[in-house]
Each structure stands twice: as C-alpha cells, then as structure tokens.
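Topology and contacts: notes
For reference, the chains in residue letters:
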Amino acid sequence: MTEQPPMRWTVHGERTIYDSAWVRLCLVDVEIPGRERFEHHVVRTPYSAAGTVVHDPDRGVLLLWRHRFLTDTWGWEVPAGMVEAGESPADAAVRETIEETGWRPGPLRPLTTYHPINGLCDEAFHLFLADGAEHLGDPTDPTEAARVEWLPVPALRQAVADGQLRDGLSLTAVCYALAFASLD
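Described in the following lines is the structure provided in the data block. (Residues numbered from 1 in each chain as written. Predicted model: local features only at pLDDT ≥ 70, side-chain atom pairs only at ≥ 80, totals over all residues. Heavy atoms only, no water.)

1. Here's the deal with the pattern of salt bridges
Within the structure shown, the criterion is met by 13 salt bridges. Residue Glu144 pairs with Arg66 through a salt bridge whose shortest N-O separation is 2.8 Å. Here the residue Glu144 occupies a position in the loop between β11 (133–135) and β12 (147–151), and Arg66 occupies one in strand β5 (residues 60–68), the gap between them amounting to 78 residues. When sorted by exposure, Glu144 lands in the same class as Arg66, which is buried. Among the ionic pairs, Glu84 bridges to Arg95, the shortest N-O distance being 3.7 Å. In this pair, Glu84 is assigned in the loop between β7 (80–82) and α1 (89–101) and Arg95 in helix α1, connecting sequence segments eleven residues apart. For Glu84, a relative accessible area of 41% puts it in the partly exposed group. When salt bridges that share partners are traced, they join Glu84, Glu87, Arg95, Glu96 and Glu99 into one network. (Salt bridge = Lys/Arg side-chain N within 4 Å of Asp/Glu carboxyl O. Helix = DSSP H or I, 4+ residues; strand = E, 2+ residues; numbered from the N terminus. Buried < 20%, exposed > 50% of the residue type's maximum accessible area, 1.4 Å probe, protein only.)

Right under this line is the structure:
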C-alpha cells in the first residue's frame, strides 16, 4: 500500500467581502496538497448557538411548532438560539428555553457540540438535555412559535420519521437524545 500525502489544506490568506453583526462572508485563499490554490467561500459567525432537549418522563419532550421563512416550512424545533457575549452555552440554553417556551429547564447535561456545515461555516452548536422543567408562564418572546407543546416520546419518534423536524440543530439534538440518553 502506498503512503497517501497529508490532506491538510494550507490557508494563505482571507479577505472579507461582506460583514454584519450576524454574519461575515469571506474568500479564503486555500491550497489542497498536490492541487492548485483557489478561493473558497466561507461564512463566519461571531456567535455559537445552544439548544436544549427538555425531557419529562410523564410529558415527553418540550417543542416549538414554528415556520421558517427561508425554506417556507413548518416543523417541530427544540428551544435554541444564539449564545450572547459573555454567556456560557449552558446559560444560553436555559435563557432561550425560558424565552421561547415559558418553561425553566431542569438540570442540564451536555449532549454534544458540533459544527453543522464545517465545509462552509465556522458556527458551533452546543446541545443539552434537561431533566424536566418548571412552568413559569407564557413565553417572554411570543414571536418564536405558533405553539409550544410537550410531545410524548412515541409521537416524537414518529415526528422524526415523518420529517416534521426540519431544523438541523433540532433534528440532531433529538436524534442524539433518542440514541444516547434513553428517552422513554
């Protein structure tokens, strides 16, 4: 068997072609070993995101039913959002759950952290599992969802199978929790 050359790309430079508080689009001058140099489009985000699978053995999983204008789709999502400056991912997960659902999640356990489209974007998603929740009242941000519901785990499994979780963060969080956290 012949030895393969290393496949680490070399970065020669980067230039910004668009910048805002939400996103920066860059052209990165890269070279793949044994190939020519080229400019690769890269999306950089000044933040990461955190999401929570809130599970209660009697109620199921707390979800939001919402519309996403970009894809013009409806689907179930876990509470999630941007990690603000100076905030830990776990604190953001709690804050977002309260804002979007009106429920304070119970103790958080980390599920995983990942980069959803690491060939194009540097954003990181931090996922947590909460054991139960305390109802505080209505969501503090009523624009987040058409409704907030507890889905029993069998209905959640069916929603996944039926393609009703279209958001990548939510789908990954729920599937990860179903696979490794023994939701029942």
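Structure's up, so let's keep going.
2. Section: α1
Residues separated by three or four positions in an α-helix point in the same direction, a consequence of the helix having 3.6 residues per turn. Over its 13 residues, α1 extends 18 Å from the first C-alpha to the last, a length consistent with the 18 Å expected when each residue adds 1.5 Å. Within α1 the residues assigned to the buried category are Ala92, Ala93, Arg95, Glu96, Thr97, Ile98, Glu100 and Thr101. Gly102 sits one or two residues past α1 and shows a positive phi near 85°. (Expected span 1.5 Å × (residues − 1).)

3. Brief notes about the side chain of Thr73
Positionally, Thr73 belongs in strand β6 (residues 73–77). Apart from residues no more than four positions distant in its own chain, Thr73 is found in contact with Arg66, His67, Arg68 and Arg166. (Contact = heavy atoms within 4.5 Å.)

4. What about unusual backbone geometry?
In this structure, Asp72 takes a positive phi of about 50° despite not being glycine. Among the residues examined, Asp72 registers a relative accessible area of 60% and is labelled exposed.

5. Some thoughts on the packing of aromatic side chains
Taken as a whole, this structure holds seven aromatic pairs when the rule is applied. Summarising the aromatic geometry, the rings of Trp65 and Trp74 are spaced 6.3 Å apart at their centres and angled 15° between planes, so their arrangement reads as stacked. For the pair Tyr176 and Phe180, a centre-to-centre distance of 4.7 Å together with 55° between the ring planes defines the contact as tilted. Highlighted residues: Tyr176 and Phe180, both in helix α3 (residues 168–180), separated by four residues, approximately one helical turn. Overall, Tyr176 belongs to the partly exposed group, its relative accessible area being 26%. Through a chain of ring-to-ring contacts, three or more aromatic side chains come together here, namely Trp65, Trp74 and Trp76. Sitting over the face of the ring of Trp150, Arg59 holds its NZ or CZ atom 5.3 Å from the ring centroid. (Phe/Tyr/Trp six-rings, centres within 6.5 Å; stacked < 30°, edge-to-face > 60°. Lys NZ or Arg CZ within 6 Å of the ring centre and 35° of its normal.)

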